[in-house]
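Chain by chain, the residues:
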Amino acid sequence: MASLTSLVAEAKTAAIILNKEAALEASVEQLTADLARLWKRQSRAFIRLLSQYKGRLSRQGLESLAYRIAAEAADPISEGEWVELWEDVEKLTEAAFATALVNGMGAALQAGGDAETLALGVAFDLASQPAQDFLAEKGGLLITRVNKTTKDQIRVTLGKSWEEKWSWGRLGKELESRFADMTTPLGPVAKHIRTRGELIAITELGNAFEEGSMQTAQTLESAGVMIEKKWLTSGDARVSAGCRENSAADWLALNGLFPSGHTRPLRFPGCRCSLEKRVAGGQRASADPGGGA
Ligand SMILES: [Zn+2]
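Throughout this description, residue numbers start from 1 for each chain and increase along the sequence as written. Owing to the predicted nature of the model, reporting of local features is limited to residues with pLDDT of at least 70; listing and counting of side-chain atom pairs is limited to 80 or more, with chain, interface and lining totals taken over all residues.

Novice: How would you summarise the overall build of the protein chain if you had to cite specific residues and measurements?
Specialist: For the purposes of this entry, the term helix denotes a DSSP run of H or I that reaches at least four residues, the term strand denotes a run of E that reaches at least two, and both are numbered from the N terminus. Check the secondary structure of the protein chain and you find seven helices and three strands. Considering the protein chain as a whole, with its 293 residues, one finds that 32% of them fall into the buried category. The long-range fraction of contacts in the protein chain, counting pairs at least 24 apart against all pairs at least 6 apart in sequence, stands at 71%. The burial criterion counts other C-beta atoms lying within 10 Å of a residue's C-beta, which is placed from the backbone; the residue is buried at 20 or more, exposed at 12 or fewer, and partly exposed between these limits. By definition, residues are in contact whenever their C-beta atoms, placed on the basis of the backbone, come within 7 Å of each other.

Put into structure tokens, the structure is as follows:
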């Protein structure tokens, strides 16, 4: 028979995981939609800029022939030429990406901080230096990473175009669908995630949520209340072995490392795990925010 203690612990875990999902739902939906809109904008802008070279893509085109002879170019549009255009597109959309990400991640940090506040009675401040540093650093890295992936996908599409000698019309369509691919279903690899945009949103906002929660706990520690943490999983069959191993570990000090080497979730993109925290010494923090015996 499952002990009452383990049933209570299970219910507590489910509540923490569900609360996190519910707290992030609207932000995940918003960021997913924002990313789809921004990729569409990038696709339109890039194809418009690239169209200045479309004459080179006609196989019979004199311009194409002249260009290839003059430049001894293997490709109708060189890497240097299209990369310059892509960098213009990146600049054009950078501010909009930053706004979407900072809005989403800020809301997630706050939600994570608030969730911890309920447990420990400390207010999370989005304007604090650690919160602002996290937003600036993660937001910037994410934009760079997202754009790099998109650029790599453009390179693949263009390479295929040169190889198969696509017309300008075909290339435009293929580029458009390559950008659209980022917002269409990923297939059976990720059951709880539908698109690349949603994967990014769930991952980045999940991370921000855990960070907000962690920062609140750190605030409490700097006030002299030591905190312990435990890794929680969704508890279903899809939980990865690495996350299960982390959850089997005992309570750790707040800055301790789990078996995977992480200090907190997420362990990988799309990870659904969270943390439970308590005042050090085995007493549930939520049971007595006053921290008494
Ligand atoms: Zn996980």
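Back to the text.
Novice: Could you give an account of the sheet that holds strand 1 (residues 227-232), with specific residues and numbers?
Specialist: One bridge is not enough; two strands pair if DSSP finds at least two bridges between them. Read from one edge of the open sheet, three strands run 2-1-3, paired in antiparallel fashion. The open sheet has two edge strands, strand 2 (252-253) and strand 3 (274-279), and neither has a second partner. Both strand 1 and strand 2 contribute to a ladder of two bridges, which runs antiparallel. Paired with Lys 229 across the bridge in strand 2 is Leu 252. The axes used here are C-alpha line fits, helices contributing only the stretch in contact, and every angle between their N-to-C directions lies in the interval 0 to 180 degrees. Across the sheet, helix 6 (residues 196-222) is in contact with strand 1 and strand 3; its angle to strand 3 comes to roughly 15°.

Novice: Please set out the packing of helix 1 (residues 4-50) against helix 5 (residues 168-181) residue by residue, giving values where relevant.
Specialist: How two helices pack is summed up by the angle between their axes together with the distance between the axes. As a packed pair, helix 1 and helix 5 sit with axes 9 Å apart at the nearest point and diverge in direction by 160°. Judged on the interaxial angle alone, helix 5 and helix 1 are roughly antiparallel. At the point where helix 1 passes helix 5, the crossing takes the right-handed sense. When helix 1 is examined against helix 5, the residues Trp 39, Lys 40, Gln 42, Ser 43, Phe 46 and Ile 47 are found in contact with a partner set consisting of Gly 172, Leu 175, Glu 176 and Phe 179. Roughly parallel means an angle under 35 degrees; roughly antiparallel means over 145; roughly perpendicular covers 65 to 115; every other angle is labelled oblique. Each crossing is labelled by how the near helix is turned from the far one, with a counterclockwise turn of less than a right angle marking it left-handed and a clockwise turn marking it right-handed.

Novice: Requested: an account of the nonpolar core, with residues and values cited.
Specialist: Note on soluble globular proteins: their nonpolar side chains tend to be buried together. A set of buried residues qualifies as a nonpolar core if it consists of Ala, Val, Leu, Ile, Met, Phe, Trp, Tyr and Cys joined through C-beta atoms within 7 Å. Judged by nonpolar contacts, the single largest core of 26 residues is most densely connected at Ala 108, Ala 201 and Leu 205. Those elements that place two or more of their residues in this core are helix 1, helix 3 (79-120), helix 4 (129-164) and helix 6. The dominant element in this core, judged by the number of residues it contributes, is helix 3, at nine residues. When near neighbours in sequence (up to four residues on either side) are disregarded, Ala 201 contacts Val 28, Leu 31, Thr 32, Leu 35 and Gly 104.

Novice: Quick one: what's the story with helix 1, residue by residue and with numbers?
Specialist: To estimate how far a helix should reach, multiply one less than its number of residues by 1.5 Å. Taking 1.5 Å of rise per residue, 47 residues should cover 69 Å, and helix 1 covers 66 Å from first to last C-alpha, within 8% of that figure. Here the bend at a residue means the angle between the axes of two seven-residue stretches, the one that ends at it and the one that starts at it. Of all the bends in helix 1, the greatest measures close to 45° and is centred on Glu 25. For helix 1, the complete set of buried residues consists of Lys 20, Leu 24, Ser 27, Val 28, Leu 31, Thr 32, Leu 35, Trp 39, Gln 42, Ser 43, Phe 46 and Leu 50.

Novice: Can you tell me about the confidence of the model for the protein chain, naming the residues and giving the values?
Specialist: You can read pLDDT as the predictor saying how much it trusts each residue, on a scale of 0 to 100. The share of residues in the protein chain with pLDDT of 70 or more is 85%, and the mean pLDDT across the chain is 87. Low confidence marks residues 284-293, where pLDDT is under 50. Its contacts with residues over four positions away, or in another chain, come to 12 contacts.

Novice: Break down the packing of helix 1 against helix 6 for me, with residues and values.
Specialist: Where helix 1 meets helix 6, the closest approach of the two axes is 8 Å, and the angle between their N-to-C directions is 135°. Here helix 1 is positioned oblique relative to helix 6, judged by the angle of their axes. Here the hand of the crossing between helix 1 and helix 6 comes out right-handed. Here Lys 20, Ala 23, Leu 24, Ser 27, Val 28, Leu 31, Thr 32, Leu 35 and Ala 36 of helix 1 come into contact with helix 6, specifically with Gly 197, Glu 198, Ile 200, Ala 201, Ile 202, Leu 205, Gly 206 and Phe 209. Three classes are used: nonpolar for Ala, Val, Leu, Ile, Met, Phe, Trp, Tyr, Cys and Pro, charged for Asp, Glu, Lys and Arg, and polar for all others, with Gly counted as polar. Here the residues of the contact of helix 1 with helix 6 are counted per class, giving 11 nonpolar, four polar and two charged.

Novice: Go over the environment of Leu 24 with me, naming the residues and quoting the values.
Specialist: Relative to the helices and strands, Leu 24 resides in helix 1. The buried category is assigned to Leu 24, around which 22 C-beta atoms lie within 10 Å. For Leu 24 and Gly 206, which are 182 residues apart along the polypeptide, the C-alpha to C-alpha distance reads 7.6 Å.

Novice: Can you break down the pairing of strand 3 residue by residue, with the values?
Specialist: Here strand 3 lies mainly inside the structure; five of its six residues are buried. Relative to strand 3, strand 1 is paired through six bridges, and the arrangement is antiparallel. Bridge pairing in strand 3 places Ile 227 opposite Val 279.

Novice: Go over unusual backbone geometry, please, and point to the residues and values.
Specialist: Omega for the bond connecting Pro 265 with Leu 266 falls within 30 degrees of zero, at 5°, which places this linkage in the cis form. Mapped onto the elements of the fold, Leu 266 is located in the loop between strand 2 and strand 3. In this structure, Lys 165 is a non-glycine residue whose phi angle is positive, near 50°. By the secondary structure assignment, Lys 165 is in the loop between helix 4 and helix 5.

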